[in-house]
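# Examining the three-dimensional arrangement
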Amino acid sequence: MHDPNAITIIDTGYVRPGLCAAYLVESGGRAALIDCGTATCAQTVLDAIEAAGVSRDAVDWLMVTHVHLDHAGAAGPLMRALPNAKLVVHPRGARHMIDPTRLIAGAKAVYGEAMFARDHAGMLPVAEDRVVVAEDGHVVKLADRPLLCIDTPGHALHHYSVWDAATRSWFAGDTFGLSYREFDGSSGAFAVPTTSPVQFDPQQMHDSIEKLLARAPDTIRIAHYGEVDDCVRLGADLHEQIDAMVAIARDAHGHADRHARIVGGLTRLYTTRARDHGIEDASSRVVEVLGNDIEINAQGLAVWLDRAVR
């Protein structure tokens, strides 16, 4: 029997299975989609909505936790396919959804034309009259289920997280780090922070994690990837790693091979922590599963460092 208040995880299919999640939340015959993957993932997400037994015209809200393309790139195509939906976006991100020109140009500069075409082609603008700006404390009413949007910068200035009181859980986007299911074991989940290539701020990230933990959530649903519990332990792990990552970046400052030093330092940090967590073959597993994230985190730390030492 179908649960009328179901939460369904959707694997958007971005890059590989188990990398990038969206969430379909139902209440009273209506639905909200939280995050949506890249533009090339739009059909996969639509198929998953249908497979969950939800009609397209029952989706009232598309909520993007922030406007990075793996979370919001599919918004334009999806809004054309979901006739009753409104797009809920952070005030700092709204203009980029209405006119994604700068997002597209930035992605092409970072990824190159070929990778952009593979993973991001098909981005479209969202009509301004279908955009709802979610200031801190904004409540989205999904039938009789309120979804509370709380400003949670640190990974990005245009990031909010969504509190679902019905399940005492957060939809946290990238605020509560990365936790891939490949690392799950007898000690539970393994998580690492995720910095953004341009807007990482360690103190803001610390503060946002504390905002999430202050509500004593039963679970936190993250984009990369899935649902985690044991939130207090994971939050403490993230706090420790943020400080360690900042120290690695500061130690690399002024060296010609700064990026390589940061990459090496992060690889050693995560490998040590993975080994202490009981993960077998920690060294090879960290490189295999976290290699791309280590590169992105190194970039984010470098941009923060340049800003911090001015």
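Conventions adopted
- Residues numbered from 1 in each chain as written.
- Predicted model: local features only at pLDDT ≥ 70, side-chain atom pairs only at ≥ 80, totals over all residues.
- Heavy atoms only, no water.
- 1 Å grid on protein atoms, 1.4 Å probe; cavity = no way out; pocket = protein on both sides within 12 Å on 5 of 7 lines; lining within 4 Å.
- Points joined across faces, edges and corners; volume = space filled by probe spheres on them.
- Nonpolar A, V, L, I, M, F, W, Y, C, P; charged D, E, K, R; others polar.
- Buried < 20%, exposed > 50% of the residue type's maximum accessible area, 1.4 Å probe, protein only.
- Helix = DSSP H or I, 4+ residues; strand = E, 2+ residues; numbered from the N terminus.
- Pairing = 2+ DSSP bridges.
- Axes fitted to C-alpha atoms, helices over the stretch in contact; angles between N-to-C directions.
- Contact = heavy atoms within 4.5 Å.
- Core = buried A, V, L, I, M, F, W, Y, C linked by side-chain atoms within 4.5 Å.
- Parallel < 35°, antiparallel > 145°, perpendicular 65-115°, else oblique.
- Right-handed = clockwise from strand over helix to strand, strands pointing away.

### Digging into empty space enclosed by the protein
- In total, this model carries one cavity of 30 Å³ or more according to the counting rule given.
- Of the volumes computed, that of the largest cavity is approximately 30 Å³.
- What lines the largest cavity is simply Ala 72, Gly 73, Ala 75, Gly 76, Met 97, Pro 100, Met 123, Leu 124 and Val 126.
- Residues of the lining of the largest cavity, tallied by class, amount to seven nonpolar, two polar and no charged.

### Quick word on the pairing of strand β2 (residues 21–27)
- Burial of β2 is extensive: seven of the seven residues sit out of reach of the surface.
- A two-sided burial pattern is seen for β2, the buried positions comprising Ala 21, Tyr 23, Val 25 and Ser 27 on one face and Ala 22, Leu 24 and Glu 26 on the other.
- Both β2 and strand β3 (residues 30–34) contribute to a ladder of five bridges, which runs antiparallel. Opposite Val 25, over in β3, you have Ala 32 as the bridge partner.
- The antiparallel pairing of β2 with β3 creates a hairpin that spans two residues between the two strands, and Gly 28 there sits at a positive phi of about 55°.

### Brief notes about the sheet that holds strand β11 (residues 219–222)
- Read across the open sheet, the six strands follow the order β7-β8-β9-β10-β11-β12; overall the sheet is mixed. The strands lining the two open edges of the sheet, one partner per strand, are β7 (138–142) and β12 (226–228). In this sheet, adjacent strand axes meet at a mean angle of 25° when their direction is disregarded.
- Here β11 pairs with β12 via three bridges, running antiparallel.

### A word on the sheet that holds β2
- Reading across from one edge, β1-β2-β3-β4-β5-β6 is the order of the six strands in this open sheet, with mixed pairing throughout. The sheet is open, and its two edges are formed by β1 (7–11) and β6 (131–133), each paired on a single side. When strand polarity is set aside, the average angle formed by the axes of neighbouring strands in this sheet is 25°.
- Across the sheet, helix α1 (residues 42–51) lies against β1, β2, β3 and β4 (59–63), angled at about 150° from β1, the strand it touches most.

### Quick word on the side chain of Ser 208
- Its location among the elements puts Ser 208 in helix α7 (residues 202–214).
- Residue contacts for Ser 208: discarding those within four places in its chain leaves Thr 152, Pro 153 and Thr 175.

### Overview of the nonpolar core
- Among the nonpolar cores identified, the biggest contains 67 residues, and Met 63, Val 88, Phe 176, Leu 266, Tyr 270 and Leu 290 are the most heavily contacted of them.
- The residues touching Val 88, leaving out its near neighbours within four places in the chain, are Trp 61, Leu 62, Met 63, Val 64, Val 132, Ala 134, Val 140, Cys 149 and Tyr 160.
- With 37 residues, the next largest nonpolar core counts Ala 22, Ala 58, Ala 74 and Leu 82 among its residues.

### Observations regarding the packing of α7 against helix α8 (residues 231–252)
- One way to put it is that α7 packs onto α8 with a least axis distance of 10 Å and a crossing angle of 175°. With respect to α8, the element α7 is oriented roughly antiparallel. Every residue of α8 that contacts α7 at Pro 202, Met 205, His 206, Ile 209, Glu 210 and Leu 213 is listed here: Cys 231, Val 232, Gly 235, Leu 238, His 239, Ile 242, Asp 243 and Val 246.
- Of the residues assigned to the contact of α7 with α8, the class counts are nine nonpolar, three polar and two charged.

### Section: the layout of surface pockets
- Of the pockets and cavities examined, the largest pocket occupies roughly 1200 Å³.
- Looking at the largest pocket, it is lined by 44 residues, and the ones nearest its centre are His 68, Leu 69, Asp 70, Tyr 111 and Pro 197.
- For the lining of the largest pocket, the elements supplying multiple residues, two or more each, are α2 (69–72), α4 (94–98), α5 (101–111), α6 (113–119) and α10 (282–308).
- The element contributing the most residues to the lining of the largest pocket is α10, with ten residues.
- The residue makeup of the lining of the largest pocket, split by class, is 18 nonpolar, 15 polar and eleven charged.

### As for the environment of Cys 149
- Its place among the elements puts Cys 149 in strand β8 (residues 145–151).
- Its relative accessible area of 0% is what places Cys 149 among the buried residues.
- Spatially, the C-alpha atom of Cys 149 lies 7.6 Å from that of Glu 135, the residues being 14 residues apart in sequence.
- Dropping the residues within four chain positions of it, Cys 149 is found in contact with Met 63, Val 88, Ala 134, Glu 135, Asp 136, Gly 137, His 138, Val 140, Tyr 160 and Ser 161.

### Some remarks on the pairing of β4
- Judged by how many residues are buried, β4 sits mostly within the fold: five of five residues are covered.
- In this fold, the crossover linking β3 to β4 by way of α1 has right-handed handedness.
- Direction of pairing for β4 relative to strand β5 (residues 86–89): parallel, over a ladder of three bridges. The residue of β5 that forms the bridge with Trp 61 is Lys 86.

### A look at unusual backbone geometry
- In this model, His 224 is joined to Tyr 225 through a cis peptide bond whose omega is 10°.
- Checked against the element boundaries, Tyr 225 lands in the loop between β11 and β12.
- Of note in this structure, Asp 35 is not a glycine but carries a positive phi near 65°.
- Locating Asp 35 in the fold gives a position in the loop between β3 and α1.
- At Arg 168, a residue that is not glycine, the phi angle is positive and equals roughly 50°.

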